[in-house]
Amino acid sequence: FPFGQVPAFECSAGCLYDTMAISSFVGSGELRGTDEFTRAQVTQFQNLAETQLFPAACQVLYPCWGLMPNNKNVVNKGHESLKNFMTALDKLLEPRTYLVGETVTLADLTFGCLLEGSIFF
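Given the structure is predicted, the values throughout are model-derived calculations rather than measurements. Along each chain, the written sequence defines residue order, and numbers are assigned to residues from 1. The predicted nature of this model means local features are confined to residues of pLDDT at least 70 and side-chain atom pairs, given and counted, to a pLDDT of 80 or more, with totals for whole chains, interfaces and linings taken over all residues. With hydrogens and water stripped out, all remaining heavy atoms of the structure feed into the side-chain values.

## Quick word on helix 3 (residues 36-64)
- Look at helix 3: 41 Å from first C-alpha to last across 29 residues, which is about the 42 Å you get at 1.5 Å a residue.
- Residue C58 marks the point of greatest curvature in helix 3, where the axis turns by about 35 degrees.
- Secondary structure elements are defined from DSSP: runs of H or I of at least 4 residues count as helices, runs of E of at least 2 residues count as strands, and each element is numbered from the N terminus. Positive backbone phi, approximately 75 degrees, marks G66, located one or two places after helix 3. Helix span, expected: 1.5 Å multiplied by one less than the number of residues in the helix. Note that bend, as reported per residue, equals the angle between axes fitted to the 7 residues terminating at that residue and the 7 residues originating from it.

## Considerations on the pattern of salt bridges
- For this analysis, a salt bridge means a side-chain nitrogen from Lys or Arg found within 4 Å of a carboxyl oxygen belonging to Asp or Glu. In the structure shown here, the tally under the stated rule is one salt bridge.
- E36 is the salt-bridge partner of R39, the closest N and O atoms lying 2.8 Å from each other. Of this pair, R39 and E36 both sit in helix 3, separated by three residues, roughly a single helical turn.

## Observations regarding the nonpolar core
- Counting residues in hydrophobic clusters, the biggest one holds 17 residues, and the most contacted among them are F45, L53, L82, L99, V100, A107 and F111.
- Where this core is concerned, the elements lending two or more residues are helix 3, helix 4 (72-93) and helix 5 (106-117). To form a nonpolar core, buried Ala, Val, Leu, Ile, Met, Phe, Trp, Tyr and Cys residues must be joined to one another through side-chain atoms within 4.5 Å. Burial here depends on accessible area, computed with a 1.4 Å probe over protein chains only, as a share of the maximum for the residue type. Under 20% is buried, over 50% is exposed, and the range in between is partly exposed.

## A look at the confidence of the model for the chain
- Per-chain confidence: the chain averages 89 in pLDDT, with 95% of residues scoring 70 or above.
- Each residue carries a pLDDT value, the predictor's own confidence for that position, ranging from 0 to 100. Least confident of the elements in the chain is helix 1 (residues 19-26), whose mean pLDDT is 85; most confident is helix 4, at 94.

## Some thoughts on helix 1
- Burial in helix 1 covers these residues: M20, I22 and S23. All buried residues of helix 1 lie within an arc of 165 degrees about the axis, which places them on one face of the element.
- Any pair of N or O atoms that falls within 3.5 Å is considered a polar contact. Within protein, one atom must be able to donate a hydrogen and the other to accept it, and sequence-neighbouring residues count only if both atoms are side-chain atoms. Residue D18 occupies the N-cap position of helix 1, its side-chain oxygen lying 3.1 Å from the main-chain nitrogen of M20. The directions from the helix axis to the C-beta atoms are what the arc is built from.

## Here we look at the side chain of S23
- Considering the arrangement of structural elements, one finds S23 in helix 1.
- In terms of polar contacts, S23 uses its side chain to reach the backbone carbonyl oxygen of M20, at 3.1 Å.
- Those residues in contact with S23, other than ones at most four positions away along the chain, are Q46 and L106. Contacts are assigned to residue pairs that have any heavy atoms within 4.5 Å of one another.

Here's what the structure looks like:
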């Protein structure tokens, strides 16, 4: 594992060391998406969670947990980013139950994990 990070996964095909890569490898076809387009949508939402939701949540939560200095401007920016993100997500989910298709996918699980860990924002 070249970066020494966890989670890490090893199988006969080789080593994986990224949460999304591991979940995509071990997840069923339905979790990954049933066709090329839904697989792309799942990836799209996983990337959105990783690049938009997670950084905004970190701006708010890391100072609370003592992981970075408490800078009021950064925290306020994080709150605003989270509010805008959640408003857009709420609008997107209004007519549907799941992010992609009619069943739970890795996109839903990714968002669920990040949101569950961010309930204190």
